[in-house]
Amino acid sequence: MSVTFTYLIGPQKGERAEFDGRRISVGRAADNMLCLGEDARRVSSHHAEVIRRGDQYLLRDLGSTNGTMINGRRVVVGELAHDDLIEFGAGGPLLRFGVEQDHKEVHHDGAASKQVGENVSSPFRLLKNNGVLIAALMAAMLLGGIGGIVASSRLRASDPDSLSFAEVAELNSPAVVFIRVEFDLLDSMGQVTTREARTGSGFVASDDGQTGLIITNRHLVRDWEYGSQSQGVSGRVTRIEVVLPNQKPEDAVEAEIYKLTPGNSADAAILKFSSPSLVVHGIEPEIDSISQGDEVVVIGYPLGLDLLERTKDERVEPSLSTGIVSRVGQDFIQLNLRAYHGNSGGPVLNRKGEVIGVLTANVGSAQDIALATPISAAVVLAGTELKSIMRKKD
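Every value quoted in this text rests on a predicted model; they were computed, and no experiment measured them.

About the thresholds
Residues numbered from 1 in each chain as written. Predicted model: local features only at pLDDT ≥ 70, side-chain atom pairs only at ≥ 80, totals over all residues. Heavy atoms only, no water. Helix = DSSP H or I, 4+ residues; strand = E, 2+ residues; numbered from the N terminus. Buried < 20%, exposed > 50% of the residue type's maximum accessible area, 1.4 Å probe, protein only. Polar contact = N/O pair within 3.5 Å; in protein donor to acceptor, adjacent residues only side chain to side chain. Phe/Tyr/Trp six-rings, centres within 6.5 Å; stacked < 30°, edge-to-face > 60°. Lys NZ or Arg CZ within 6 Å of the ring centre and 35° of its normal. Core = buried A, V, L, I, M, F, W, Y, C linked by side-chain atoms within 4.5 Å. Pairing = 2+ DSSP bridges. Axes fitted to C-alpha atoms, helices over the stretch in contact; angles between N-to-C directions.

Peer 1: Residue-level account of the environment of R41, with values.
Peer 2: Within the secondary structure, R41 is located in the loop between strand 4 (34-35) and strand 5 (48-53). Note on R41: relative accessible area 57%, which makes it exposed. Through-space distance from the C-alpha of R41 to that of R28 is 8.0 Å; in sequence the pair is 13 residues apart. Within the structure, R41 has its side chain in polar contact with the backbone oxygen of E38 (distance 2.9 Å).

This is the structure:
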């Protein structure tokens, strides 16, 4: 399988470049595989890269000055499909992406051939011929019970629909945002008694090109309604700030509450902000698709800015934690992983890279027990506005 890039504008219009590697570097500098030339002033020296993951191709922007667009939409990491249009830098070179199948891989009757570039031991052929299955079963027989468990775990990861933890992070981390909420506590006369702030996480789940919608926890923006001191206490939000990944805290943009679940029925909220960003890879709203023992990934900002100060980093970057589903309840998904303040509101993702829940709380002194609100609560709250991100389920 190879990919092609066809120039659609400029002096190279109509020219085509073809590659068959697993990583294709793109930029203005001469050491890039796809060199767009020194005259492409909107392109950074090392602008982006295309990565092959099995039969899937991902386009990753490498922190370019003028951005990377797929079909007119700016991305940090995005999936590529045949005939997609890629613009390297706003107003820069426009190329059409194509995928070319290697005819040596298929017989005329459609059956898989024994050749993949004459190399029958390639990972791609092994997968096609169930070599991973055979290897896993042999390892299970040789190693016994414990070995069987390990092999089984690795076998599940070889499912074509299953992604590695690194791939789940690549697809979703650019959409996970840091949230800071400032609010006043009021007495019975409506006078301000205390001014406080809370931090947490959220993720962009919808973007129409002008505004974005962020899913997070209700308790993050209505802190005074939760806890033992909630009775007789009222409050009002004075400011909500959102920091996008790889931005500095001072680059925060303002957001506002868009929708809230009523009372304490479900811990979900939707914020609106005017700085569109990359959205999460997908959403799986069916709780029946979640099973005890499923591996999950949580992405967020544990300890808030305190961790940033400890690590002396200047830019905000989300952290990743892994765990498993311990139990699927009616109102919560119980997880076996460690969560900290600041993680609240972050996405809980399955091995397909889809959001299945919103991380909500940990359980007192039980450090390895965390609870997540099923994403269906936010889907119901948002109505049709998350339809585009669930298109794969249609």
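Next comes the rest of the account.
Peer 1: With reference to specific residues and values, describe the packing of aromatic side chains.
Peer 2: Tallying each qualifying case throughout the model produces five aromatic pairs. Relative to F19, the ring of F5 lies with its centre 6.0 Å away and its plane at 70°, an arrangement referred to as edge-to-face. Note that F5 is positioned in strand 1 (residues 2-7) and F19 in strand 2 (residues 16-19), a separation of 14 residues in sequence. Considered together, F5 and F19 belong to a single accessibility category, that of buried residues. Ring-pair connections join several aromatic residues into one group, and the members of that group are F5, F19, Y57 and F97. In this structure, R351 is placed above the aromatic ring of F165, and the distance from its NZ or CZ to the ring centre is 4.5 Å.

Peer 1: Break down the nonpolar core for me, with residues and values.
Peer 2: Formed by 47 residues in total, the largest nonpolar core has its most connected members in I179, F203, I214, I215 and I375. By size, the runner-up hydrophobic cluster in this structure holds 25 residues, among which are M1, Y7, L80 and I86.

Peer 1: Before we move on, can you summarise the sheet that holds strand 7 (residues 68-70) with the specific residues and values?
Peer 2: Two orientations exist for strands paired in a sheet by backbone hydrogen bonds: parallel and antiparallel. An order of 2-1-11-10-7-8 is seen for the six strands of this open sheet, with the pairing classed as antiparallel. Two strands bound the open sheet, and with one partner strand each, they are strand 2 and strand 8 (73-75). Taking each pair of neighbouring strands and ignoring which way they run, the sheet shows an average axis angle of 30°.

Peer 1: Describe the sheet that holds strand 9 (residues 77-80), with residues and values.
Peer 2: One open sheet accounts for five strands, arranged 4-3-5-6-9; its pairing is mixed. With partners counted over all chains shown, the strands left at the sheet margins are strand 4 and strand 9, one partner each. Bridge count for strand 6 (residues 56-61) against strand 9 is four bridges, and the pairing is antiparallel. Residue pairing in the sheet places Y57 in a bridge with L80 of strand 9.

Peer 1: Explain the environment of D207 to me, using residue names and the numbers behind them.
Peer 2: Along the chain, D207 turns up in strand 13 (residues 192-207). With a relative accessible area of 17%, D207 lands in the buried category. Expressed as a C-alpha distance, the spacing of D207 and L278, which sit 71 residues apart in the sequence, is 7.9 Å.

Any link to function would need more than the numbers given here.
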